[in-house]
Structure formats: structure tokens, C-alpha cells
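Summary of structural features
In case you want the letters, here they are:
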Amino acid sequence: MSNPQPPDWMRQQERSHLGALRVMVWISLRLGRPVGRLVLRFIALYFVLFSRGARRTGRAYLERVLGRPATWADDHRHVMAFASTVHDRVYLLNDRFDLFDIRFVGQEAVQAALQRQTGALLFGAHLGSFEVLRAMAHAHAHVPLAMLMYEENARKINAILHAINPQAQQDVVPLGHPDSMLRARDRLDAGCLVGLLADRSLAHDSTAECRFLGAPARFPLGPWRMAAMLRRPVFFMAGLYLGGNRYELHFEPLADFTHVERGERDAAIARAMQAYADRLGDFCRRAPYNWFNFYDFWQRS
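Quick summary incoming for the structure in this document.

About the thresholds
- Starting from 1, residues in each chain are numbered consecutively following that chain's sequence as written.
- Only residues with pLDDT of at least 70 are given local features in this predicted model, and only at 80 or more are side-chain atom pairs given and counted; all residues enter the totals for whole chains, interfaces and linings.
- The side-chain values count all of the structure's non-hydrogen atoms but skip hydrogen atoms and water molecules.
- Residues grouped as a nonpolar core are buried Ala, Val, Leu, Ile, Met, Phe, Trp, Tyr and Cys residues, joined through side-chain atoms within 4.5 Å.
- Remark: exposure states derive from per-residue accessible area (1.4 Å probe, protein chains only) relative to the maximum for the residue type, with buried under 20%, exposed over 50%, and partly exposed in between.
- Only DSSP runs of H or I reaching four residues or more are called helices, and only runs of E reaching two or more are called strands; each is numbered from the N terminus.
- Residues count as neighbours in contact if any of their non-hydrogen atoms are within 4.5 Å of one another.
- By definition, a salt bridge exists where a carboxyl oxygen of Asp or Glu is found within 4 Å of a side-chain nitrogen of Lys or Arg.
- Two rings from Phe, Tyr or Trp (for Trp, the six-membered ring) form a pair when their centres are within 6.5 Å of each other. A pair whose planes differ by under 30 degrees is stacked, one over 60 is edge-to-face, and the rest are tilted.

**Remarks on the nonpolar core**
Judged by nonpolar contacts, the single largest core of 91 residues is most densely connected at Phe 212 and Phe 257. Sorting elements by how many residues they give to this core places helix α11 (residues 265-286) first, with nine residues. With near-sequence residues (within four places) excluded, Phe 257 lies in contact with Trp 224, Ala 227, Ala 228, Arg 231, Arg 232, Val 234, Ala 268, Ile 269 and Ala 272.

**A few points about the pattern of salt bridges**
Summed over all chains, the structure comprises twelve salt bridges. Between Arg 96 and Asp 98 there is a salt bridge whose closest N-O contact spans 3.0 Å. The partly exposed category is assigned to Arg 96, whose relative accessible area is 34%. Between Asp 189 and Arg 232 there is a salt bridge, and its shortest N-O distance comes to 2.8 Å. A residue pair is termed long-range when its members are at least 10 positions apart, and Asp 189 in helix α9 (residues 180-189) and Arg 232 in the loop between α10 (222-230) and β8 (233-241) qualify at 43 residues. When its relative accessible area of 7% is taken as the criterion, Arg 232 is described as buried. Members of the salt-bridge network, linked through shared partners, are Arg 185, Asp 186, Asp 189 and Arg 232.

**As for the packing of aromatic side chains**
Under the defined criterion, the tally for this structure stands at 18 aromatic pairs. Measuring from ring centre to ring centre gives 5.7 Å for Trp 224 and Tyr 276, while their planes differ by 65 degrees; the resulting arrangement is edge-to-face. Note that Trp 224 is positioned in helix α10 and Tyr 276 in helix α11, a separation of 52 residues in sequence. An identical accessibility class is assigned to Trp 224 and Tyr 276; each is buried. Note on Phe 297 and Trp 298: the rings are 5.6 Å apart at their centroids and 75 degrees apart in plane angle, and the pair reads as edge-to-face.

Written out as C-alpha cells, the structure reads:
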């Protein structure tokens, strides 16, 4: 039997180059964020003009979430929001939190959960900036943060981290290893918040269909099975980019698997996954240019 094809998001060619990234880092840190954002506008324009496939699938999403035909201006605004969050990593990874106006919404619920037991799971999406989560770890140094991600993405992230700030360190647990679950459990038992982006899957991952932005879409089951086995509360996390230097970091309770018995897990997982899809859809409508999946998310397998 032939090997399964990787999902569309993994087949897309990376357009980033570490050499160009280092130049952008130098410009941003030496000349300041305003100059860096000026250069960013030309990069975004290039992407809109020459990345036709990504623009086409991005527009399909925009038309769904906006409820109207998307324009060229919508395309550019979408790409510029994405480029802005990537650019702001330069400053966030260099601990320049003073440059940003970051508003926290709902962090009290996370703190209350951590008082009841050690560790909690934060399920995000490719929505806004996940890197801005470091701001919470910075503001609340007693809450360490670990990230779960696919190994290929972990290698890319480590390369990007080194290019942006060789001293930057991020606690990353690669997914897909026999001990991934154990390592995640160890982080939780140590009182960590463990974050994961739960809107993409690998080709061999099991998925389940949820209603998302008015149509069926498939989401990975793995994160939810892990949460049920680890018996931890799960929070939806979204770091919305609001333009300029403004972000809103949202935390909302999604599910609590602490007392879910084995025979109840499938039903609890189904409810939690639909709740996740509903919240993701709500935040997409609230900040439509913040969801950065430039591929056909609603394609049927």
C-alpha cells in the first residue's frame, strides 16, 4: 500500500529563507519597528501578487467568513496581518514586550484551574499570534509554558528562533514519538501550561467532522484523545492581532476531562471538538483577517 499523501498545508512550499529572515531581524532591531513594518508592506504585496494558490484559498476562506465576495484589498489585509504577527516575533522573542499593548481576557479561569490541580492544556489555532502567549509567561513567571508540535515544525521553529535570537529558548515537546504523551504528562505534573495548535493534522492522523463556519470540516482527533487520557482541563487560546501594536490574548474554558471516565470519553471528545470549532469560528468572525490557513481547509478526504 502506498504511503498516505501529506496534507495540503505540508505540501506547500516554504517561501521563508533564513538569510532573508536575519536581514529582516537586523532591520527591525537596529532601525526600529516602524521601518521594519514599512519593509513588511512590500513583502506582503509581493506575496499577494505572486502566491496565487495561497491567495485563491485564502480568498475562499475570506468569502466564507465575510459573507461577501473578497476583494484585492481583503487579500492584502489578510496577508499583512499574517506578516505583522510573524514580524512581531522578532520583538517578542527578544523580550521587547514594552513595544506592545497586550490585553488579557479570561486568564483568571486558567489560574483558577491551576489552583485546583497541576497543569492545563491550551488549544489554539493558526489564528493571530501564538507567540504572544510568551507575554503571559513573562507577566506570570510562575507559570511555565511548553509547546507540543509536529517534529518537522519543531525543527523549523528552532531554526527561526536561532535566527531571531540565538539565546531564545522554548520548551518544545515533539509530537509523534512513543514518549510524547509521557513528556507532556511530565510537563503538566510540573505545573506547566501545555499549548498545542489543534486545527491541522498529518496525513495519518485520525480526524472527525465538525461544523465550522457553516460547512463540515475535519479536525484532528489526537489532541482531544490526549487531553482525555491526561485528564486535564482544556482552554481555547487566541492571541488576536488588532492592528498597530495591539493584541488581545483570550482564554476560554472548552472542556474538562479531569473526571471523565473511559466509557464517556468518545462523547466528551465529540462535544469538546465541536465546542472548539464553534469558538474558532466565533473568533474568525470577530477578527476575520487573523486566521492564517492559506489552503483549502474544507476539502473532503
